[in-house]
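# Per-entry structural report
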Amino acid sequence: MLILYQLERTWGIPNLSHFCCKTETYLRMADIKYTVRPTLPLFAPKGKLPYIEDGDFKLADSRFIIRHLKTKYHDLDQELSPTELAHSLAMQRLLEEHLFWATMYSRWQYTDANWQVNKKAIFSVLPPIVRDFAAIFYRRRIQRQILGHGTGRHSPEEIFELGMQDIDALSAYLGDKSYFMGDKPTGLDASAFGFLINTLGCPIESPLKEHALSKANLRNYVNRIKLEYYADLQPSGKAAEYTPK
Ligand SMILES: N[C@@H](CCC(=O)N[C@@H](CS)C(=O)NCC(=O)O)C(=O)O
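Computed from a predicted model, the values in this text were never measured in an experiment. (Residues numbered from 1 in each chain as written. Predicted model: local features only at pLDDT ≥ 70, side-chain atom pairs only at ≥ 80, totals over all residues. Heavy atoms only, no water.)

A few words on the site of the ligand. Taken together, 14 residues surround the ligand, and among them K48, L49, S62, R141 and Q145 come closest. In this structure, an oxygen atom belonging to the ligand sits 2.5 Å away from a side-chain N or O atom of S62. Within the contact set of the ligand, an oxygen atom lies 2.9 Å away from a side-chain nitrogen or oxygen of Q145. For the ligand, whose accessible area on its own is 510 Å², the fraction buried by protein is 90%. By residue number, the principal contributor to the shell around the ligand is helix α5 (residues 128-149), which donates four residues. (Near = heavy atom within 4 Å. Polar contact = N/O pair within 3.5 Å; in protein donor to acceptor, adjacent residues only side chain to side chain. Areas by Shrake-Rupley, 256 points an atom, 1.4 Å probe, with all protein chains shown as cover. Helix = DSSP H or I, 4+ residues; strand = E, 2+ residues; numbered from the N terminus.)

This next bit is on the environment of D75. By the secondary structure assignment, D75 is in the loop between α2 (62-72) and α3 (82-110). The spacing of D75 and F195 is 120 residues in sequence and 21 Å in space, taken between C-alpha atoms. When near neighbours in sequence (up to four residues on either side) are disregarded, D75 contacts Y26 and K70. Of the polar contacts made by the side chain of D75, one reaches the backbone nitrogen of D77; its length is 2.8 Å. (Contact = heavy atoms within 4.5 Å.)

What follows is about unusual backbone geometry. Cis rather than trans, the peptide bond between L49 and P50 has omega equal to 10°. Position of P50 among the secondary structure elements: in the loop between β2 (34-38) and β3 (51-54). We note that W11 has phi near 60°; this positive angle belongs to a residue other than glycine. Mapped onto the elements of the fold, W11 is located in the loop between β1 (2-6) and α1 (18-29). With a phi angle near 90°, D61 is a residue other than glycine that sits in the positive phi range. Residue classification places D61 among the partly exposed positions, given a relative accessible area of 23%. (Buried < 20%, exposed > 50% of the residue type's maximum accessible area, 1.4 Å probe, protein only.)

The subject of this paragraph is the packing of aromatic side chains. For the structure on display, the rule yields 15 aromatic pairs. Look at W108 and W115: their rings are 5.4 Å apart centre to centre, the planes differ by 40°, and that puts the pair in the tilted class. Under the relative-accessibility criterion, W115 is labelled buried at 5%. With a centroid separation of 6.4 Å and 85° between ring planes, the pair formed by W108 and F123 is classed as edge-to-face. Here F123 lies in helix α4 (residues 112-123) and W108 lies in helix α3, a separation of 15 residues in the sequence. Here W108 falls in the buried class, since its relative accessible area comes to 5%. Given a relative accessible area of 3%, F123 falls into the buried group. Over the ring of Y173 we find K177, and its NZ or CZ is 5.0 Å from the ring centre. Here the basic side chain of R224 rests over the ring of Y179, its NZ or CZ set 5.3 Å away from the ring centre. (Phe/Tyr/Trp six-rings, centres within 6.5 Å; stacked < 30°, edge-to-face > 60°. Lys NZ or Arg CZ within 6 Å of the ring centre and 35° of its normal.)

The next subject is the pairing of β1. Among the five residues that make up β1, five are buried, leaving the element largely enclosed by the rest of the structure. Every second residue of β1 is oriented toward a common face, with L2, L4 and Q6 on one face and I3 and Y5 on the other, all of them buried. In the sheet, β1 pairs with β2 via five bridges, with the strands oriented parallel. Of the residues in β2, the one forming a bridge with L2 is Y34. As a crossover connection, the stretch from β1 through α1 into β2 is right-handed. The sheet contact formed by β1 and β3 spans three bridges and is antiparallel. When the sheet's bridge partners are listed, I3 is paired in β3 with E53. (Pairing = 2+ DSSP bridges. Right-handed = clockwise from strand over helix to strand, strands pointing away.)

This part takes up the pattern of salt bridges. Under the defined criterion, the tally for this structure stands at 12 salt bridges. Notably, a salt bridge pairs R9 with E24, separated by 2.8 Å at the nearest N-O pair. Residue R9 is found in the loop between β1 and α1, and its partner E24 is found in helix α1; the two are separated by 15 residues along the sequence. When its relative accessible area of 9% is taken as the criterion, R9 is described as buried. Classification of E24 by relative accessible area gives buried; the value is 0%. With a closest N to O distance of 2.7 Å, D77 and K70 form a salt bridge. D77 sits in the buried class, given a relative accessible area of 6%. Salt bridges linked by common partners bring R9, E24, R28 and D232 together as one network. (Salt bridge = Lys/Arg side-chain N within 4 Å of Asp/Glu carboxyl O.)

Here it is, written out as structure tokens:
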């Protein structure tokens, strides 16, 4: 069976990693049977999560994993026109290469309260002494990434202003549709759900979260997809092995 390696579940959401949540949501939307193995990025082939094992085949990066899932199992985008595919790709880049960094800033840098919540969620799986070293190491590493991307060079107000522009665009694009590309879920929804729940549906407080929560269509979209695709998620945040309906 296909194995998805991702961070441990927490916060009552599928995953605190946007990219892991995106990948797992694609698996569920496409009705692909899989099992989950919690791990840390340290042990991943490219040093980042998620990655999968499908038989003898190991593959890292949500984009390559989803390309593989589309080819081998089910392509959720098969009915999209070339123009729709172009829109879908552009929106995914907005979510994954831009909005992502404002949320990373909120977790790893913005306030100490957020950092403590983030630290506990990610590193409590490790033994006490290792936990603190790993947290310090990863905090430095991620802050360097935020700076390298360019986001970390701005003031908090500027960072959230840029993130709010993404939220406005996503809310306008979704409008009153059930899913981003119409009445059926596509690959863009797997990404949008993964990134939106990690912006408005997790215990990381910021003006960006408040802004996203003020958009009724985005709030309802996230709640609806969570109920529809993650009904097995326990209040503890744990979920049993998943088999498609
Ligand atoms: N482009 C990758 C991004 C994956 C990614 O950034 N994963 C984060 C978790 S959200 C990670 O493992 N970060 C660890 C690190 O950068 O050291 C994908 O689509 O899978």
